[in-house]
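Tertiary structure, described
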Amino acid sequence: MTLVSNMEFYVISPVSNLEPMKLGDRIFALSHLWVQFPHYRKFILEQKEAGKFITLDNSAAERALVTEDILIDICHELMPHEVIAPDVLFDKDETIKNALSFRIRMEKEGLLKVINIFFCPQGIDQKDWLEAYTWGINQEWIHTIGFSKIAVPNAFLNQTNDQGIKEARHMAYDYLKQKGMLVKPIHCLGQGDPTEFAYYADPMMRSTDSVYPVYAAVNGIDFNVDHTTRIPTPHSFLETYDMKDVDMSLVESNVYFLKKQCLYRK
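Residues numbered from 1 in each chain as written. Predicted model: local features only at pLDDT ≥ 70, side-chain atom pairs only at ≥ 80, totals over all residues. Heavy atoms only, no water.

1. Some remarks on the sheet that holds strand β3 (residues 27-30)
Spatially, eight strands are ordered β2-β9-β8-β7-β6-β5-β4-β3 in an open sheet, and the strand pairing comes out parallel. Only two strands of the sheet have a single neighbouring strand rather than two, namely β2 (8-11) and β3. Between one strand axis and the next, the sheet turns by 25° as a mean value, whatever way the strands run. Strand direction decides the pairing type here: strand β5 (residues 82-84) and strand β6 (residues 116-119), joined by three bridges, are parallel. The partner of valine 83 across the bridge, within β6, is isoleucine 117. (Pairing = 2+ DSSP bridges. Helix = DSSP H or I, 4+ residues; strand = E, 2+ residues; numbered from the N terminus. Axes fitted to C-alpha atoms, helices over the stretch in contact; angles between N-to-C directions.)

2. Some thoughts on the side chain of lysine 184
Structurally, lysine 184 can be placed in the loop between α7 (165-178) and β8 (186-189). Of the side chains with opposite charge, glutamate 140 comes closest to the buried, unpaired lysine 184, at an N-O distance of 7.4 Å. Within polar-contact distance, the side chain of lysine 184 engages the backbone oxygen of glycine 136 at 3.4 Å. A distance of 2.5 Å separates a polar atom in the side chain of lysine 184 from the backbone oxygen of glutamine 139. If we skip the residues at most four places from it in the chain, lysine 184 touches Gly136, Ile137, Gln139, Glu140, Ile142, His143, Ile145 and Met204. (Buried < 20%, exposed > 50% of the residue type's maximum accessible area, 1.4 Å probe, protein only. Lys, Arg positive; Asp, Glu negative; His and termini not counted. Salt bridge = Lys/Arg side-chain N within 4 Å of Asp/Glu carboxyl O. Polar contact = N/O pair within 3.5 Å; in protein donor to acceptor, adjacent residues only side chain to side chain. Contact = heavy atoms within 4.5 Å.)

3. Thoughts on the packing of helix α4 (residues 92-108) against helix α5 (residues 126-137)
In helix packing, the relevant descriptors are the interaxial angle and the interaxial distance, both defined with respect to the helix axes. Between α4 and α5, whose axes approach to 10 Å, the crossing angle comes to 15°. On the basis of their axis angle, the class for α4 and α5 is roughly parallel. The interaxial crossing formed by α4 with α5 has right-handed handedness. Contact residues: Lys92, Ile96, Ala99 and Leu100 in α4; Asp128, Glu131, Ala132 and Trp135 in α5. Residues of the contact of α4 with α5, tallied by class, amount to five nonpolar, no polar and three charged. (Parallel < 35°, antiparallel > 145°, perpendicular 65-115°, else oblique. Left-handed = near helix turned anticlockwise from the far one by under 90°. Nonpolar A, V, L, I, M, F, W, Y, C, P; charged D, E, K, R; others polar.)

Written as structure tokens, this is what we have:
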């Protein structure tokens, strides 16, 4: 492998122990946790003060009912570096409609010039998803595009439930690279097999986030031994799981394994 520019990563952890999040290059703030937990808000603000890049997520993948109003309020409180516009799983038209509405609201609130907008394409199938992706890269006000661990496997492999993530995103990457369509920074939302990221050589592949280095450790999985097993993460894991008995050295080992995949790319 050849050492090229880093693909940065974010670590997500349950609210019972947020320390693993400090192991990442950047901080991924989940809006549904922001509104529920004061200590989570305090932690995120401290990380911003320490100079970490903050991405505010709309929590669509967590099936949280975070409204545009709530997302705008958090933007005012947190002033993240970027915010993921509200998207609707597998629904291209509603996702585009929401993004347009969100852009208008961001401009009205005086936020458009100070917070970048991140767009996550959605679609019922590959054609639909590619149409949403193409729309996104043609909007000058959209700065980052998301490769969802849910939407991309559904579009390219007709798979859900956290399976086929690596394979489907490689298919999307190969297609877009061949067509000359990797023109905006790409963030991979979530992960399956962490060796996925060693495949990406194009500098537009900017970053990835995941709770899986932590959740794998919770389940006793050491990425150095098994990096292919992907146990679906329960939707309530971040809010309810008690981290007190988790082997933190295994968490750190899994994060380091992920870091190596993001560093060394073919």
